[in-house]
Amino acid sequence: MARLNQDTIKAAYRYFEKIKVFSIGELSSVLTCSISNARLKIKQWQAYTSYNQNGKYYTLPQIPQFNQYGLWRYNNVGFSKYGNLKKTIVHLVTASSTGLSGRQLGGILGLTPQSFLHHFRECPGIYREKHNGVFIYFSDVDDICKKQVLQRSSLIGRSAIVTISDTEAILILVAIIRQHRISAEDISALSEIKKRRITSSNIKGFMEYHGLLKKIPDFRP
């Protein structure tokens with residue numbers, strides 16, 4: 001790397017502290033050096049690279065105020081303490097107790113799921129599986145994945161409890177007693193259930209939570 005004037009470097013550093021986010025072209029212009037020399041300076045400064053915008057932007061290490069996910073956004077540019085988009089998503093998925101859907105990942109990252117999910121259909125560190133018709137991304141580490149799947153199933157059950165009222169719960173239980181081993185889909189098709197617009201997924205979650213998807217005793221005489 002060609003030797004740069006130290007006063008110029010210090011002035012550039014203060015300038016980029018002030019503007020917070022910059023491109024390689026801006027750094028090269030301010031330092032009046034080549035792009036390759038500017039990249040070396042970014043490495044020396046240990047600057048963060050944006051996980052969106054094609055990794056086009058940089059910020060100095062003391063600038064980001066990372067949130068609980070280890071992310072920081074400035075205008076439309078996102079940075080992660082975990083590195084690029086791939087490393088960040090693997091970390092977010094692994095750290096999640098219940099796995100994450102594409103919509104959840106998009107919400108956390110501030111990106112539309114369609115803009116990045118196609119890169120993660122087969123990605124080391126991630127295992128995806130459909131739950132209630134939606135792909136959920138889990139860790140590909142067996143022990144972690146098993147815990148995440150169990151936690152997600154429990155969460156679905158708890159949300160079903162919140163969604164289903166006492167009256168609706170009674171209707172579901174009556175249907176189960178009257179029709180031995182009736183499925184959640186069959187229950188949702190009953191006229192009294194249809195009137196209340198209870199979805200089969202909520203019914204299934206309710207049944208899973210109460211262990212009613214297992215063998216159900218026959219209460220008929």
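For the structure, check the block above.
Structural notes, computed from the coordinates. (Residues numbered from 1 in each chain as written. Predicted model: local features only at pLDDT ≥ 70, side-chain atom pairs only at ≥ 80, totals over all residues. Heavy atoms only, no water.)

### A word on helix 1 (residues 6–19)
- Here helix 1 spans 20 Å end to end across 14 residues, near enough to the 20 Å set by a 1.5 Å rise per residue.
- Along helix 1, the residues that are buried comprise I9, A12 and F16. Here the buried residues of helix 1 occupy an arc of 65 degrees about the axis, which is enough to place them on one side. Turned more than 90 degrees away from the buried face of helix 1 sit D7, R14 and K18, all of them exposed.
- Residues of helix 1 that are buried make contact with strand 1 (22–23), helix 2 (24–31) and helix 3 (35–45).
- Where helix 1 begins, the capping side chain belongs to N5, and its oxygen is found 2.9 Å from the backbone nitrogen of D7.
- One or two positions beyond helix 1, positive phi appears at K20, with a value near 75 degrees. (Helix = DSSP H or I, 4+ residues; strand = E, 2+ residues; numbered from the N terminus. Expected span 1.5 Å × (residues − 1). Buried < 20%, exposed > 50% of the residue type's maximum accessible area, 1.4 Å probe, protein only. Arc of directions from axis to C-beta. Contact = heavy atoms within 4.5 Å. Polar contact = N/O pair within 3.5 Å; in protein donor to acceptor, adjacent residues only side chain to side chain.)

### Points about the packing of helix 1 against helix 2
- One way to put it is that helix 1 packs onto helix 2 with a least axis distance of 10 Å and a crossing angle of 145 degrees. Considering how the two elements wind past one another, helix 1 and helix 2 form a crossing that is right-handed. Here helix 1 contributes T8, I9, A12, Y15 and F16 to the contact with helix 2, which in turn contributes E26, L27, V30 and L31.
- Looking at the contact of helix 1 with helix 2, its residues break down into seven nonpolar, one polar and one charged. (Axes fitted to C-alpha atoms, helices over the stretch in contact; angles between N-to-C directions. Left-handed = near helix turned anticlockwise from the far one by under 90°. Nonpolar A, V, L, I, M, F, W, Y, C, P; charged D, E, K, R; others polar.)

### A word on the sheet that holds strand 3 (residues 57–59)
- Reading across from one edge, 1-3-2 is the order of the three strands in this open sheet, with antiparallel pairing throughout. Each edge of the sheet is formed by a strand with only one pairing partner; in this case those strands are strand 1 and strand 2 (48–49).
- Two elements, strand 2 and strand 3, share two bridges in a ladder whose sense is antiparallel. Across the sheet, the residue bridging to T49 is Y58, located in strand 3. (Pairing = 2+ DSSP bridges.)

### Topic: the packing of aromatic side chains
- Under the counting rule described, the total for this entry stands at eight aromatic pairs.
- Geometrically, the ring pair formed by F116 and F120 is edge-to-face, given 6.4 Å between the ring centres and 75 degrees between the ring planes.
- A cation over an aromatic ring shows up here: R128 above the ring of F135, its NZ or CZ 3.8 Å from the ring centre. (Phe/Tyr/Trp six-rings, centres within 6.5 Å; stacked < 30°, edge-to-face > 60°. Lys NZ or Arg CZ within 6 Å of the ring centre and 35° of its normal.)

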